[in-house]
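# Descriptive structure summary
One-letter residues, chain by chain:
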Number of protein chains: 2
Amino acid sequence: MNDIKKQFCNFLKNNNLLLTAQRECILNYILSTSYHFDAEQLYVQMKSEDPSIGRATVFRTVKLLESSGLIRKIRLGKSKSYYELTVKKKHHEHLVCQNCGKIIEFIDSGLEERIIKIAKKNNFKINKHAVEIFGICEDCFKSTKNK
Amino acid sequence: MNDIKKQFCNFLKNNNLLLTAQRECILNYILSTSYHFDAEQLYVQMKSEDPSIGRATVFRTVKLLESSGLIRKIRLGKSKSYYELTVKKKHHEHLVCQNCGKIIEFIDSGLEERIIKIAKKNNFKINKHAVEIFGICEDCFKSTKNK
DNA sequence: TTTGAGATTGATACTCAATATCAAATATAT
DNA sequence: ATATATTTGATATTGAGTATCAATCTCAAA
Ligand SMILES: [Zn+2]
Ligand SMILES: [Zn+2]
Ligand SMILES: [Zn+2]
Ligand SMILES: [Zn+2]
């Protein structure tokens, strides 16, 4: 069993929860993909692997995975929640193209430091933060100009 | 008619829309308050002033006001959308206490500059951005420690 | 190995926020 | 007045997520 799975098992044990077949199956799947996903689309995927799995179970497991810290919720400007692994990839934020929907990830330590400073200045015990930038990506901008 | 109202009227004219009694009434109300609100709570308020107003009209008008740039959408970590005036107050971001729900507004020009730089570096034509910091406020943290 | 308390499941119904539909009412231009 | 376009409110519908609950599973203790 790899480290990430162990981490989830520990989380489960610490909370008197069990590692069930469904939970393991979902964990395996999200570890195998490494991009943004939402609970409904994860349900459809899991359903195709095991038609007996229920929607509620998938939604519940996504919550558990978020509580465990293995995934984090992102919004991407939509009404539903998206999620991404917090492990296997550095912490980053997102640029969202309002024209084509493309998501560009970026890492900016200056930005992260500023956020920590702001929290400190306000005596705020920071837990998480969300930074999202919306606009028009380079490709979309170019193709608009060409018209 | 004040400047802000004129701005909304221009927006309406430019889009072949009319300034109706309902729209004016809603505009007046949000100009008179200067804090975060959501569409449903605005509807309840407007209903109390004019019981004949419909929910759909309020939700539609909130959208119009957002398109016009007079208000902007913020999330505050909830599933519903909140809004706030973009005029009469400097652009700011939010700290959200996950314990008591308190919202702390802050202005940080360094943060704003970084965001603009990041967009530029990615050749991204920035339109808007969202920065929200979640955690525990000073008061909540103190009262936790005292236990 | 049984037993039983507690955890988990999937089906279903439900909530909540927001949107779509549409006929009636308003406004505007001629 | 008449034709055209916009807006309205009631209602139904969607979309995302949660609550309920009887049936099932797990596992430690007897
Ligand atoms: Zn694009
Ligand atoms: Zn990402
Ligand atoms: Zn607090
Ligand atoms: Zn604010």
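Residues numbered from 1 in each chain as written. Chains lettered and ligands numbered in written order. Predicted model: local features only at pLDDT ≥ 70, side-chain atom pairs only at ≥ 80, totals over all residues. Heavy atoms only, no water.

So, about the overall build of chain A. The secondary structure content of chain A amounts to six helices and six strands. The principal-axis extent of the C-alpha atoms belonging to chain A is close to 55 × 45 × 25 Å. Taking all 147 residues of chain A together, the buried fraction comes to 41%. For chain A, contacts bridging at least 24 residues in sequence account for 47% of all contacts bridging at least 6. Here chain A displays about 8400 Å² of accessible surface, and carbon together with sulfur accounts for 51% of that area. Looking at chain A, you have 26 positive and 16 negative side-chain charges, and the mean spots of the two groups are 4 Å apart. (Helix = DSSP H or I, 4+ residues; strand = E, 2+ residues; numbered from the N terminus. Buried < 20%, exposed > 50% of the residue type's maximum accessible area, 1.4 Å probe, protein only. Contact = heavy atoms within 4.5 Å. Areas by Shrake-Rupley, 256 points an atom, 1.4 Å probe, with all protein chains shown as cover. Lys, Arg positive; Asp, Glu negative; His and termini not counted. Charge placed at Lys NZ, Arg CZ, Asp CG, Glu CD.)

Next up on the list: helix α3 (residues 39-49) of chain B. Residues and elements named next belong to chain B. Every buried residue belonging to α3 is among A39, L42, Y43 and M46, and all of these are buried. With its buried residues spanning 105° around the axis, α3 presents them on a single face. Structural note: α3 exposes V44 and S48 on the side pointing more than 90 degrees away from its buried face. Where α3 is buried, its residues meet α2 (21-32), β1 (37-38) and α4 (55-68). Here α3 starts with a cap whose side-chain oxygen sits 3.1 Å from the backbone nitrogen of E40, and that cap is D38. (Arc of directions from axis to C-beta. Polar contact = N/O pair within 3.5 Å; in protein donor to acceptor, adjacent residues only side chain to side chain.)

Residue and element names in this part refer to chain A. Domain parsing of chain A yields domain 1 (3-85) and domain 2 (93-145). Domain 1 and domain 2 are separated by 24 Å when their C-alpha centres are compared. Contacts between domain 1 and domain 2 engage nine residues on the former and nine residues on the latter. Surface buried jointly by domain 1 and domain 2 totals about 630 Å² across both partners, of which 47% is contributed by carbon and sulfur atoms. Area buried by domain 1 at its contact with domain 2 is led by Y35, R72 and L76, which between them contribute 61% of it. The residue R72 makes a salt bridge to E93 at a minimum N-O spacing of 3.8 Å. The interface formed by domain 1 and domain 2 includes six residue pairs in polar contact (both at pLDDT 80 or more). (Domains from an automatic or database assignment. Buried area = accessible area lost by both parts, 1.4 Å probe. Salt bridge = Lys/Arg side-chain N within 4 Å of Asp/Glu carboxyl O.)

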